[in-house]
Amino acid sequence: MKINLLLAALICVCADAIAQQQAANRPTVVAGFAVNYAEDSVGTYTLPALLKTSDGKPVTTTKQWTEKRRPELLQLVEQNQFGKMPPRPNDMTFHVFDKGTPAFNGKAIRKQITVYFKKDTSGHKMNLLIYIPAAATKPVPLLLNISFAAYNQIIDDPGLRVGEIWNKEGKKIKADKPTPFGKLNVEQFLDAGIGFATVYYGDIEPDFKDGIQYGIRKTYLKPGQAETATDEWGAIAAWSWGLSRALDYLETDRQVDAKRVALQGASRLGKTVLWAGVRDPRFKMVIASISGEGGAALSRRNYGETIRHISDPSRYLYQFAPNYHSWADKVNSMPIDAHMLVALMAPRPLLLQTGSTDYWSDPKGEFLSVVAAAPVYRLFGETAPAANAAMPVAGDTSLLMNHLGYYMHEGGHTVLPEDWKLFIGYMQKYL
Ligand code: GCU
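Predicted model, so just to flag it, every value in this text is computed and none were measured.

The rules behind each value
Residues numbered from 1 in each chain as written. Predicted model: local features only at pLDDT ≥ 70, side-chain atom pairs only at ≥ 80, totals over all residues. Heavy atoms only, no water. Near = heavy atom within 4 Å. Polar contact = N/O pair within 3.5 Å; in protein donor to acceptor, adjacent residues only side chain to side chain. Areas by Shrake-Rupley, 256 points an atom, 1.4 Å probe, with all protein chains shown as cover. Helix = DSSP H or I, 4+ residues; strand = E, 2+ residues; numbered from the N terminus. Expected span 1.5 Å × (residues − 1). Bend = angle between axes of the 7 residues up to and from the residue. Buried < 20%, exposed > 50% of the residue type's maximum accessible area, 1.4 Å probe, protein only. Contact = heavy atoms within 4.5 Å. Salt bridge = Lys/Arg side-chain N within 4 Å of Asp/Glu carboxyl O. Phe/Tyr/Trp six-rings, centres within 6.5 Å; stacked < 30°, edge-to-face > 60°. Patch = residues over 30% accessible without salt bridge, like charges linked within 9 Å, V, L, I, M, F, W, Y side chains within 5 Å. Lys, Arg positive; Asp, Glu negative; His and termini not counted. Charge placed at Lys NZ, Arg CZ, Asp CG, Glu CD. Domains from an automatic or database assignment. Buried area = accessible area lost by both parts, 1.4 Å probe. Arc of directions from axis to C-beta.

Draft legend 1. Inspection of the site of the ligand at higher detail. Neighbouring the ligand are the residues S267, R268, K271, E305, I310, R315, Y316, W360 and H413. E305 is positioned with one of its side-chain polar atoms (N or O) 2.5 Å from an oxygen atom of the ligand. A distance of 3.0 Å separates an oxygen atom of the ligand from a polar side-chain atom of W360. For the ligand, whose accessible area on its own is 320 Å², the fraction buried by protein is 84%.

Shown next, in the form of structure tokens:
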């Protein structure tokens, strides 16, 4: 009996310590606004209807969705959240400066390419790194990742060109130091017969307020225009535009099956890959990690980060179309919500990965978004969680293997080594 009591006390102490530690991952006031983490204070809301056109007609066929409802929604999300972006530039060029060198003890063929967005090759360029499994006898499916670091910092391969990154002071510096973002094991993709490619997001547009003056968006401002218009692209749309430019190159590479390219990114880059996949149907699949607010998490749920927090001019307004901020105080009248962004991927495969202690990003908000978007996947006859699906506990993979898949790892705001293994399984099945 005594031992049991002792054990119970010990469990309490441990649970308490864990709870305290988790509470530390929950900022309580951000940009001057309180943050809610209590389920009983998320508020009540009604999501805008997905399967009903703007003139009130029910959408019951894939034809109606594709021809009428999807274009309507795409425009709404563009106008109110990410902003309009320009088409492919006419004067873009590719410089393949590493044309195919054996890497990883002969397991891979490596290519390095500079994508010049403009005719003037002195600025606005993006480095693209590609590995093709050496054993491949036909064009390979490929994972295109967008990263917070230059590729030479995240991959152990001595043959990589040292890139440039933006430092905290907003200066471009040589990427010759280790990064806090960790290394990526590329061989696991090659072993599965999947090619791997990556770009550094800062090559497209720097990730700080006023970064537009150094980024690709600046080159599209009209003479005399100092800022983007209220419905024009923010940095997330710019990064997603860059991913489409990477795909433009991949389409020219005979060793890649450009019809089977999956996108992956985490956090603000999870939001980026979602928008890239939605905007550019050439992408076959999206794996969006911990995308949270402005990504797959429902904005109407007042839990963790909200539009008010994310779009505050002191924080990340520059990542969105300026219009996004106008919904900060009236989210319930916003014509869109994250379930629409999710549904816009249908019927292509989409996997959302979240983390159980990533409260700020609201993993439950992403789950509810998936459930709300599922009817559109079902309309196409594709698999998605049922309307009455229960939210899976951390580590439970039961909702992962769907055309619209959801998975929550045990842990926080990150992509774990075991998540990559699950992504590979997902790609093997759906790519
Ligand atoms: C901040 C931001 C999030 C974003 C994250 C990230 O926490 O508020 O919306 O996802 O940064 O990119 O890591």
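Draft legend 2. Region of the structure containing helix α2 (residues 62-82). Over its 21 residues, α2 runs only 25 Å from end to end, short of the ideal 30 Å by more than 12%, given 1.5 Å per residue. At R69, α2 shows its strongest bend, of approximately 40 degrees, with the proline P71 following within four residues. Along α2, the residues classified as buried are W65, R69, R70, E72, L73, L74, V77, E78, N80, Q81 and F82. Contact partners of the buried residues in α2: α5 (235-250), α6 (268-279), α8 (338-343) and α9 (363-379).

Draft legend 3. Local environment of the pattern of salt bridges. According to the stated counting rule, one finds 28 salt bridges in the structure shown. Between D337 and R300 there is a salt bridge, with the nearest N and O atoms lying 3.0 Å from each other. Taken together, the residues span a long stretch of sequence, with D337 in the loop between α7 (307-310) and α8 and R300 in the loop between β11 (285-289) and α7 at a distance of 37 residues. Overall, the relative accessible area of 4% leaves D337 in the buried class. Since its relative accessible area comes to 5%, R300 is described here as buried. Residues joined by salt bridges that share partners form a network here, namely R88, R245, D248, E251, D280 and R282.

Draft legend 4. Examining the packing of aromatic side chains more closely. Counted under the stated rule, the structure contains 23 aromatic pairs. Here the aromatic rings of Y37 and Y303 are separated by 5.9 Å at their centres, their planes lie at 90 degrees, and the arrangement is edge-to-face. Placement of Y37 in the loop between β2 (33-34) and α2 and of Y303 in the loop between β11 and α7 is noted, with a sequence separation of 266 residues between them. Residues Y37 and Y303 agree in their burial class; the two are buried. Ring centres 4.8 Å apart and planes at 50 degrees place the aromatic pair Y201 and W239 in the tilted group. Here Y201, found in the loop between β9 (195-200) and α5, pairs with W239, found in helix α5; they are 38 residues apart in sequence, far enough to count as distant. Using a relative accessible area of 0% as the deciding quantity, one classes W239 as buried. In textbook terms, an aromatic cluster arises when at least three aromatic residues are bridged by ring pairs, as seen for F148, F181, Y200, Y201 and W239.

Draft legend 5. Seen up close, a positive patch on the surface. Taken together, K125, R161, K172 and K174 make up a surface patch of like positive charges. Looking at the secondary structure, you find K125 in strand β5 (residues 125-133). Given the relative accessible area of 33%, K125 is considered partly exposed.

Draft legend 6. Just the domain arrangement of the chain, in detail. On domain assignment, one finds that the chain holds domain 1 (2-41) and domain 2 (62-430). Each of domain 1 and domain 2 has a C-alpha centre, and these two points are 32 Å apart. Listed as interface residues are 14 residues of domain 1 and, on the opposing side, 14 residues of domain 2. Carbon and sulfur atoms supply 59% of the area that domain 1 and domain 2 bury against each other, a total of about 1200 Å² over both sides. Contact with domain 2 buries area across many residues of domain 1, yet F33, Y37 and E39 alone supply 37% of it, more than any other trio. Two residues, K364 and E39, come together in a salt bridge whose shortest N-O distance is 3.5 Å. On inspection of domain 1 and its partner domain 2, the count reaches five residue pairs in polar contact (both at pLDDT 80 or more).

Draft legend 7. How the structure looks around helix α10 (residues 417-430). Relative to the 20 Å expected for 14 residues at 1.5 Å per residue, α10 spans 20 Å between its end C-alpha atoms, a close match to the ideal helical length. All of the buried residues along α10 are D419, W420, F423, I424, Y426, M427 and Y430. Seen end-on, α10 carries its buried residues on one side only, within an arc spanning 165 degrees. Summarising the geometry of α10, the exposed residues directed more than 90 degrees from the buried face are P417, K421, Q428 and K429. Where α10 is buried, its residues touch β6 (140-147), α4 (187-191), β10 (256-266), β11, β12 (350-355) and β13 (404-409).

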